[in-house]
Amino acid sequence: MNKEKRLEILTRLRDDNPHPTTELNFNSPFELLIAVLLSAQATDVGVNKATDKLYPVANTPQAILDLGLDGLKSYIKTIGLFNTKAVNTIKTCQMLVDLHGGEVPESREALEALPGVGRKTANVVLNTAFGWPTIAVDTHIDRVSNRTKFAMGKNVGEVENKLLKVVPAEFKVDVHHWLILHGRYTCVARKPRCGACIIEDLCEFKEKTE
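Scope of this entry: the structure provided in the associated data block. Since this is a predicted model, take the numbers as computed values, not measurements.

**Side note on the overall build of the protein**
Argument step 1. Secondary structure summary: the protein contains 10 helices and 0 strands in total.
Argument step 2. N-terminal to C-terminal, the α/β element order of the protein is α-α-α-α-α-α-α-α-α-α.
Argument step 3. For the protein, whose C-alpha radius of gyration is 18 Å, the value lies close to the compact-globule estimate of 17 Å for 210 residues.
Argument step 4. Based on the C-alpha atoms only, the size of the protein along its principal axes is roughly 55 × 30 × 30 Å.
Argument step 5. Put simply, the protein has 210 residues, and 47% of those count as buried.
Argument step 6. Pairs at least 24 residues apart make up 58% of the contacts formed inside the protein by residues separated by at least 6 positions.
Argument step 7. Carbon together with sulfur atoms contributes 52% to the accessible area of the protein, which is approximately 10600 Å² in total.
Argument step 8. Counting 27 positive and 26 negative side-chain charges, the protein places the averaged centre of each group 7 Å from the other.

**Thoughts on the packing of aromatic side chains**
Argument step 1. The full count for this structure, using the stated rule, is 1 aromatic pair.
Argument step 2. Lying over the aromatic face of F150, R6 brings its terminal NZ or CZ to 5.7 Å of the ring centre.
Argument step 3. Its end group placed over the ring of F205, R147 keeps NZ or CZ at 5.3 Å from the ring centre.

**Comments concerning the nonpolar core**
Argument step 1. F30, L33, I64, L72, L111 and V117 are the most contacted members of the largest nonpolar core, which has 32 residues in total.
Argument step 2. For this core, the secondary structure elements donating two or more residues are α2 (29-38), α3 (44-54), α4 (61-76), α5 (82-100) and α7 (119-128).
Argument step 3. Among the elements that line this core, the one with the most residues is α2, at 8 residues.
Argument step 4. Core analysis: the next-biggest nonpolar cluster, separate from the first, contains 22 residues, I9, V167, V175 and L179 among them.

**Some points on the state of the cysteines**
Argument step 1. Using the criterion set out here, one finds 0 disulfides in the structure.
Argument step 2. Left unpaired, C187 is separated from the closest cysteine sulfur, that of C203, by 6.3 Å.

**Comments concerning the packing of α4 against α5**
Argument step 1. Interhelical geometry of α4 versus α5 gives an angle of 180° and a closest axis separation of 9 Å. Regarding the angle of α4 to α5, the classification is roughly antiparallel. Across the interface between the two elements, P61, Q62, I64, L65, G68, L69, L72, K73 and I76 of α4 pack against F82, N83, A86, V87, T89, I90, C93, Q94, L96 and V97 of α5.
Argument step 2. Class assignment of the residues belonging to the contact of α4 with α5 gives a composition of 13 nonpolar, 5 polar and 1 charged.

**Overview of the packing of helix α8 (residues 139-148) against helix α10 (residues 169-185)**
Argument step 1. Following both chains from N to C, one finds α8 and α10 inclined at 85°, their axes separated by 8 Å at the closest point. Between α8 and α10, the crossing angle belongs to the class labelled roughly perpendicular. Only H176, L179, I180, H182, G183 and R184 of α10 make contact with α8, whose side of the interface consists of H140, I141, R143, V144 and S145.
Argument step 2. Each residue belonging to the contact of α8 with α10 can be placed in one class, and the counts come to 4 nonpolar, 5 polar and 2 charged.

**Here's the deal with the side chain of T209**
Argument step 1. As for its placement among the helices and strands, T209 is situated in the segment after α10.
Argument step 2. Take T209: its relative accessible area is 17%, and that puts it in the buried class.
Argument step 3. A polar atom in the side chain of T209 sits 2.4 Å from the backbone oxygen of P192.
Argument step 4. A polar contact is formed between the side chain of T209 and the backbone nitrogen of C194, at a distance of 3.3 Å.
Argument step 5. Not counting residues within four places of it along the chain, the set of residues in contact with T209 comprises K191, P192, R193, C194, G195 and E200.

**Re the side chain of T134**
Argument step 1. Within the element layout of this structure, T134 appears in the loop between α7 and α8.
Argument step 2. Not counting the four nearest positions on each side in its chain, T134 is found in contact with R108, N123, L126, N127, K172 and H176.

**Observations concerning unusual backbone geometry**
Argument step 1. You will see that Q41, though not glycine, has its phi angle at about 55°, which is positive.
Argument step 2. For Q41, the position within the fold is in the loop between α2 and α3.
Argument step 3. Residue class for Q41 comes out exposed when judged on its relative accessible area of 72%.
Argument step 4. Although it is not a glycine, K149 adopts a positive phi angle of roughly 75°.
Argument step 5. Along the chain, K149 turns up in the loop between α8 and α9 (156-166).

Calculation rules
- Residues numbered from 1 in each chain as written.
- Predicted model: local features only at pLDDT ≥ 70, side-chain atom pairs only at ≥ 80, totals over all residues.
- Heavy atoms only, no water.
- Helix = DSSP H or I, 4+ residues; strand = E, 2+ residues; numbered from the N terminus.
- Rg over C-alpha atoms; globule rule 2.2 N^0.38 Å.
- Buried < 20%, exposed > 50% of the residue type's maximum accessible area, 1.4 Å probe, protein only.
- Contact = heavy atoms within 4.5 Å.
- Areas by Shrake-Rupley, 256 points an atom, 1.4 Å probe, with all protein chains shown as cover.
- Lys, Arg positive; Asp, Glu negative; His and termini not counted.
- Charge placed at Lys NZ, Arg CZ, Asp CG, Glu CD.
- Phe/Tyr/Trp six-rings, centres within 6.5 Å; stacked < 30°, edge-to-face > 60°.
- Lys NZ or Arg CZ within 6 Å of the ring centre and 35° of its normal.
- Core = buried A, V, L, I, M, F, W, Y, C linked by side-chain atoms within 4.5 Å.
- Disulfide = S-S within 2.5 Å.
- Axes fitted to C-alpha atoms, helices over the stretch in contact; angles between N-to-C directions.
- Parallel < 35°, antiparallel > 145°, perpendicular 65-115°, else oblique.
- Nonpolar A, V, L, I, M, F, W, Y, C, P; charged D, E, K, R; others polar.
- Polar contact = N/O pair within 3.5 Å; in protein donor to acceptor, adjacent residues only side chain to side chain.

This is the structure in structure tokens:
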């Protein structure tokens, strides 16, 4: 795919949704961090249902530590892998209290040192909470980038590196939100909704659907 096509795709996505953000509910960097931690192999809707009950009771590292492991589990038990996620959340909260004064650090290295936080989660927090031009590649972005030929790669790391290379600076902060939403609602896994797609004429996917 050439530079002109990519620019037109990004321009259309921006015109359609000028101020995209995550569909996870949050009011602070800490709430976002915990929501992203809980969202692995779970839907944003499912995470929001749990955090909408949890955060009014506990929305700081110390408040979650005060709940204790079993108390936390009672709020997130509807989310897949909740036992492991609860353990990681408690450990993360303890590290935030001990090492960062209860605040979420604006540092990739410090974020990735937290239990259960990998590169993708760190990218989401740095981008959405702090406005960094990072690109968190999930399954939706991986699929859309490869299917459209916008930024091809054999794995999420390759796709991220390609996106960082080919996406102009003015689009970098928002591009991962556009691609996630596009993959979630239009360029879906089983049968993409090409007929309802605003970039269908630019996409290089050969097996277009109605």
